[in-house]
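Chains, contacts and geometry: an overview
Chain by chain, the residues:
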Amino acid sequence: MQPITTKLVKWYDAHHRILPWRISPSERSQGKIADPYRIWLSEIMLQQTTVEAVKPYFNAFTKKWPTVARLAAASQDDVLRAWAGLGYYSRARNLKKCADIVSNLYDGRFPSETPDLKALPGIGDYTAAAIASIAFDRPVAVVDGNVERVITRLYAITTPLPSAKPAIRAKMQALTPSERPGDFAQAMMDLGAGICTPKRPACIICPVNDNCQALKTGEPELFPVKAPKKDKPVRLGAAFVAISSDNEIYLQSRAETGLLGGMAQVPTTAWTARIDGDTRIDAAPFPADWTPTGKITHVFTHFELRLSIYKADGIAARPGVGGWWVKVENLHQEALPTVMKKAIAAAIPDAFTKRRKPE
DNA sequence: GACGCGTGGCC
DNA sequence: TGGCCAAGCGT
């Protein structure tokens, strides 16, 4: 019987996904070489984010900024505007920082060894290994959520995550070949994404079902075992959509770090857990006829936000405290996170009616 | 090691 | 429908 590694690479040759940032085995045989810039960009975007969500952003970014030097020449605000909607905005801030370093200190060439890669902003254990493996053929263990699931099932590891991570990494390192380590890593991730899925895995067509200890238990879905998660608190607040007589709305910049750091917002109260369930308008950005116009709910990773939306129409004086006014039809050019688009849409239902993915 | 950090799709 | 999940990182 062939080893697991061999089976998976053969399976990858026959069944790999076609992705905008991927050089397939057949393309490589025709001389195509992986571009570390595109591998890096895709890996940053793919952190905790689905392939389908990433594709349009990846295409927009590479069209706008074909090289790391071009990305380094952009402003952080340009990058945040292009990233708006993709989430985890510290990734975009670190993306720009990393591009600056690679462009200026590394002469535009990404380092190929994992310690050097890990030293760059936004690149941790997983991403350093992925770039070293996929772009530079280094035989390092690439461990993401897919690999954790595949490995814990192959070996029926019952230790809960994250405690099991060292054991998972050791198993992955032992499987990783010196020939085509990048294709092997991508084979593990494609297997996890398409066959060895969290729910209802397709074990019947899995190329390594003979090797799977979890399948032998009869309940492969029970792997990986995870530590219980905490419940989400609810936070409350109010947001203020000011509309001028010229059909502009008032935006502000959020603080550079923390939640939605550097992104745009409409004025808002603090978001606090309160037992009275009420919000007040004494924190409005300027005096106006603030009218309740709806409520929105938005679920972040670690809390649920319920915002009461207030609207004021026909403001002529255009007062403000350090923000700016934007025509409603130009709102899509701003670095507005989804929660703020929801808040604005509560006051102006057709503000974002045209589907705006990136660009 | 635990926590802060977005968003959209799925059942 | 709401809880779960998706190619994690920084502190």
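In this numbering scheme, every chain counts its residues from 1 along its sequence in written order. Whichever chain is written first becomes A and whichever ligand is written first becomes 1, with later ones labelled in order. Reporting in this predicted model follows two pLDDT cut-offs: at least 70 for local features of residues, and 80 or more for side-chain atom pairs to be given and counted; totals over whole chains, interfaces and linings ignore these cut-offs and use all residues. Note that the side-chain values use all heavy atoms of the structure and ignore hydrogens as well as water.

Some points on the pairing of strand β1 (residues 234-244)
Counting buried residues along β1, nine of its 11 residues qualify, which places the element largely inside the surrounding structure. Only strands joined by at least two bridges in the DSSP assignment are considered to pair. The helix count covers DSSP runs of H or I at least four residues long, the strand count covers runs of E at least two residues long, and both are numbered beginning at the N terminus. The sheet contact formed by β1 and strand β5 (residues 304-315) spans 10 bridges and is parallel. When the sheet's bridge partners are listed, A239 is paired in β5 with I309. Categorising residues by exposure relies on relative accessible area from a 1.4 Å probe, with only protein chains included: less than 20% of the type maximum marks a residue as buried, more than 50% marks it as exposed, and the intermediate range marks it as partly exposed.

A closer look at the protein's contact with DNA strand C
Near DNA strand C you find 26 residues, and of these G122, T127, D144, N146 and R149 are the closest. Sugar and phosphate atoms constitute 67% of the interface atoms of DNA strand C, taking the interface as everything within 4 Å of the protein. N or O atoms within 3.5 Å of each other form a polar contact, as long as, within protein, one can give a hydrogen and the other can take it, and as long as residues adjacent in sequence are counted only when both atoms are side-chain atoms. Between G124 and DNA strand C, the recorded distance is 2.9 Å, taken from a backbone N or O atom to a phosphate oxygen. Contacts to DNA strand C include R149, whose side-chain N or O atom sits 2.5 Å from a phosphate oxygen. If you list the elements that add at least two residues to the surface near DNA strand C, you get α3 (36-46), α9 (125-136) and α10 (145-154). Summary of the distance rule: residues count as near a molecule or strand when at least one heavy atom falls within 4 Å of that molecule or strand.

A word on the domain arrangement of chain A
Here chain A is partitioned into domain 1 (4-222) and domain 2 (234-347). The C-alpha centroid of domain 2 is placed 36 Å from the C-alpha centroid of domain 1. The contact definition used throughout considers only heavy atoms, calling two residues in contact when any of these lie within 4.5 Å. With eight residues of domain 1 at the interface, the matching set in domain 2 holds 14 residues. By buried area we mean the combined loss of accessible area, with a 1.4 Å probe, across both parts when two parts are placed together. Approximately 790 Å² of surface area, both sides summed, lies buried where domain 1 meets domain 2, with 51% of it carried by carbon and sulfur atoms. By the criterion of area lost to domain 2, the three top residues of domain 1 are R81, Y89 and R93, representing 53% of everything that side buries. The salt bridge definition used is simple: a Lys or Arg side-chain nitrogen within 4 Å of an Asp or Glu carboxyl oxygen. Counting the contacts that link domain 1 with domain 2 gives zero salt bridges. A domain assignment, automatic or from a database, supplies the domain bounds used here.

A look at the packing of aromatic side chains
Two rings from Phe, Tyr or Trp (for Trp, the six-membered ring) form a pair when their centres are within 6.5 Å of each other. A pair whose planes differ by under 30 degrees is stacked, one over 60 is edge-to-face, and the rest are tilted. Taken as a whole and assessed by the stated rule, the structure comprises 13 aromatic pairs. Between Y250 and F286, the ring centres sit 5.8 Å apart and the planes meet at 70°, which makes this aromatic pair edge-to-face. Here F286 lies in the loop between β3 (264-265) and β4 (291-299) and Y250 lies in strand β2 (residues 248-253), a separation of 36 residues in the sequence. Summarising the burial analysis for this pair, Y250 and F286 share the class buried. A cation sits over an aromatic face here: K171 above Y155, 4.4 Å from the ring centre. In our convention, an over-ring charge means Lys NZ or Arg CZ found within 6 Å of a ring centre and within 35 degrees of that ring's normal.

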